[in-house]
Amino acid sequence: MKAKEIRDLIDFISGSGLEEVNIETEEFKINVKRSSPQVTVAAAPAAPAPPAAAHAPAPAAASEAPKPAAPAPAPATDAHLITIKSPMIGTFYRSANPESPAFVNVGDSVKQGDPVCIIEAMKLFNEIESEISGKVVKVLVEDAQPVEYDQPLFLVDPS
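The structure presented is a predicted model; accordingly, all values stated were derived computationally and were not measured. (Residues numbered from 1 in each chain as written. Predicted model: local features only at pLDDT ≥ 70, side-chain atom pairs only at ≥ 80, totals over all residues. Heavy atoms only, no water.)

Looking at this structure, how should I read the pairing of strand β6 (residues 115-121)?
Strand residues, when the strand is regular, have side chains that alternate between the two faces of the sheet. Counted residue by residue, β6 has six buried out of seven residues, so it is predominantly covered. Summarising the sheet, β6 and strand β7 (residues 124-129) pair through six bridges and their orientation is antiparallel. The partner of I119 across the bridge, within β7, is N126. (Buried < 20%, exposed > 50% of the residue type's maximum accessible area, 1.4 Å probe, protein only. Helix = DSSP H or I, 4+ residues; strand = E, 2+ residues; numbered from the N terminus. Pairing = 2+ DSSP bridges.)

Written out as structure tokens, the structure reads:
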């Protein structure tokens with residue numbers, strides 16, 4: 001493969017939004033991986049709109065007293081834990097292949113940049129790296145389960 005072809009391939013991949021591409025032929029093997037700072041934005045889900053009271057008589061609706069709000073849930077004991085979230089939609093895999101051990105298990109220590117899982121999207125296998133250092137407390141997704149963007153995957157204790 002010529003240098004210009006490689007540059008064209010890299011330009012194409014950077015414009016496509018893919019994080020990693022592996023190409024292997026009999027003549028060569030190329031791995032292009034883009035690393036960009038990951039920004040996690042958490043948004044509260046929008047509350048559903050209350051149903052319209054068009055069918056209820058107005059006096060009956062006015063006479064109903066509002067119900068007291070449900071008590072707030074007890075404070076979570078895992079408030080200090082940090083969540084590793086999925087950066088993309090795809091299929092979650094805990095190991096590189098069925099014969100390999102899982103990248104991380106509960107109780108394992110991880111450092112920033114250590115691989116924690118693979119997410120397969122459109123036949124591309126994207127290695128997901130830990131954004132933090134700490135001890136894995138809980139794995140929140142089963143192997144070979146589909147995941148959504150920003151879905152929690154692991155709980156990590158940073159202390």
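I'm lost on the pairing of strand β10 (residues 152-157) in this one. Help?
In terms of burial, β10 is a largely internal element, five of the six residues being buried. Where strand β3 (residues 82-85) meets β10, four bridges bridge the pair, whose relative direction is antiparallel. Bridge pairing in β10 links I82 to V156. Sheet analysis places strand β8 (residues 134-139) next to β10, joined by four bridges and oriented antiparallel.

Quick question: what am I supposed to make of the packing of aromatic side chains here?
Two aromatic rings, taken as a pair, are described by how far apart their centres are and by the angle between their planes. What the rule picks out here adds up to two aromatic pairs. Relative to F154, the ring of F92 lies with its centre 5.9 Å away and its plane at 55°, an arrangement referred to as tilted. Linking F92 in strand β4 (residues 90-93) with F154 in strand β10, this pair joins segments that are 62 residues apart in sequence. On the basis of relative accessible area, F154 is assigned to the buried category, the value being 1%. (Phe/Tyr/Trp six-rings, centres within 6.5 Å; stacked < 30°, edge-to-face > 60°.)

Whenever I open this one, unusual backbone geometry confuses me. Can you help?
Residues apart from glycine generally show negative phi values, whereas peptide bonds are mostly found in trans. The phi angle at K123 is positive, at roughly 70°, despite the residue not being glycine. Along the chain, K123 turns up in the loop between β6 and β7. The exposure class of K123 is exposed, given its relative accessible area of 69%. A positive phi is found at D150, a non-glycine position, where the angle reads about 70°. Structurally, D150 is set in the loop between β9 (145-147) and β10.

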